[in-house]
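Commentary on secondary and tertiary structure
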Amino acid sequence: MKTVDLIVPCYNESGSLLLFFSHTSEVVAGIPGYDFRFIFVDDGSTDNTLELIRGIAAEHDNVHYISFSRNFKKEAAMYAGLKASTGDLAAVIDADLQHPPELLADMLKAIEEGYDSCSARRVSREGEPKIRSIWARMFYKIINRMSEVEIVDGAVDYRMMTRQMVQAIVSLPEVQRFSKGIFCWVGFNTKWIEFKNVERIAGESKWSFWSLVRYAIDGITAFTTFPLRLATIAGACISFAAFIYLIVIICTTLIFGKDTPGYASTIVLLLFIGGVIILSLGIIGEYLARMYMETKRRPIFIARETNFEKEPKEK
Ligand code: UDP
Ligand code: MG
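The structure reproduced in this document is the subject of the present report. All of these numbers come straight from a predicted model, not from anything done at the bench.

Rules of the game
- Residues numbered from 1 in each chain as written.
- Chains lettered and ligands numbered in written order.
- Predicted model: local features only at pLDDT ≥ 70, side-chain atom pairs only at ≥ 80, totals over all residues.
- Heavy atoms only, no water.
- Phe/Tyr/Trp six-rings, centres within 6.5 Å; stacked < 30°, edge-to-face > 60°.
- Helix = DSSP H or I, 4+ residues; strand = E, 2+ residues; numbered from the N terminus.
- Buried < 20%, exposed > 50% of the residue type's maximum accessible area, 1.4 Å probe, protein only.
- Lys NZ or Arg CZ within 6 Å of the ring centre and 35° of its normal.
- Near = heavy atom within 4 Å.
- Polar contact = N/O pair within 3.5 Å; in protein donor to acceptor, adjacent residues only side chain to side chain.
- Nonpolar A, V, L, I, M, F, W, Y, C, P; charged D, E, K, R; others polar.
- Pairing = 2+ DSSP bridges.
- Axes fitted to C-alpha atoms, helices over the stretch in contact; angles between N-to-C directions.

It is worth spelling out the packing of aromatic side chains at this point. With the rule as written, the count across this model stands at 12 aromatic pairs. Note on F20 and F38: the rings are 6.4 Å apart at their centroids and 90° apart in plane angle, and the pair reads as edge-to-face. On the criterion of sequence distance, the pair formed by F20 in helix α1 (residues 17–29) and F38 in strand β2 (residues 34–42) is long-range, its members being 18 residues apart. On the basis of relative accessibility, which here comes to 0%, the residue F20 falls in the buried class. Aromatic pair F38 and F40: ring centres 5.8 Å apart, planes at 10°, arrangement stacked. Overall, F38 belongs to the buried group, its relative accessible area being 1%. Residue classification places F40 among the buried positions, given a relative accessible area of 0%. Sitting above the plane of the F72 ring, R70 keeps its charged end 3.8 Å from the centroid.

Right, dumping it as structure tokens:
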């Protein structure tokens, strides 16, 4: 019998955890031929999420958990879960029941058909603020235009993978992880299944507008260096335009004599060029900052407690 590890990142999910566990257990019990295990990753929750997880683990043999020493963010939690997973298959799933466990059966079917991975894609963004959907759409357009990896619009971190793919993912050493990109980057064939957005059962989404903006910049910088080239291109265009303008000025001065220089145009040009320079420096800074953070080689997470016999080793 094949084993499937369900990796569940949890951050302050006391409101949904028990419901998630009972509902998901019920659903997977109806899927024959597979042994399901839960790997809860408590991402430094400040409510009683960890106590609830301990309680579940004490009652069920198929429940494992890792608890972080602080909040290391969902990317780290997913990594820790994947790293600890030893099953033939592993699936990452949210604790708030926004990822319907009913899809697990379809995902298993896809893997049986020979796919290496099966991932869910939201086809509607109902129940989500309008502005957030607009930003999200824009983000996918931008990142796909710029980078080689194709990040599917509406893709969520709900995915089942074979052992081989899990190993490929955890072998990527970067500390600042952007899983949506990593899943695509490692390749393998993925089947996409669609589902309608479901509202979370309890609690609130941990994403604020600014954290999403940061996430988007992380995603772009992690998978493409195109913005750096953009600075070069902008510089070249401006230099070229300035050169043309220079010739125009020389010609008009020679032909029509000296004209009074315009104050407005000078200021506008100055501000424009200044702006482009600062923007380019900012872009370089974004990459530099990430290089700096990567070179520190800090662990992706620090575990404080776990019920795995052997503590999942970092790297
Ligand atoms: N999560 C986490 N660490 C964080 C934030 C979120 O492990 O710092 C978990 C959270 O408990 C949930 C999943 O990641 O299981 C998705 O989080 P959320 O529902 O807030 O995101 P959304 O569904 O709004 O994208
Ligand atoms: Mg959610």
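From this point, the narrative continues.
The local shell around ligand 1 holds 17 residues, among which E13, D43, Q98, R200 and S205 are the closest. Within the side chain of D96, an N or O atom sits 2.7 Å from an oxygen atom of ligand 1. The residue makeup of the shell around ligand 1, split by class, is five nonpolar, three polar and nine charged.

What follows is about the sheet that holds strand β1 (residues 2–10). Strands sit in the order β7-β5-β6-β4-β1-β2-β3-β8 across an open sheet of eight strands; the sheet is mixed. The open sheet is flanked by β7 (190–195) and β8 (303–306), the only strands paired with a single partner. Put simply, the sheet's adjacent strands are angled 20° from each other on average, direction ignored. Where β1 meets β2, nine bridges bridge the pair, whose relative direction is parallel. The partner of C10 across the bridge, within β2, is D42.

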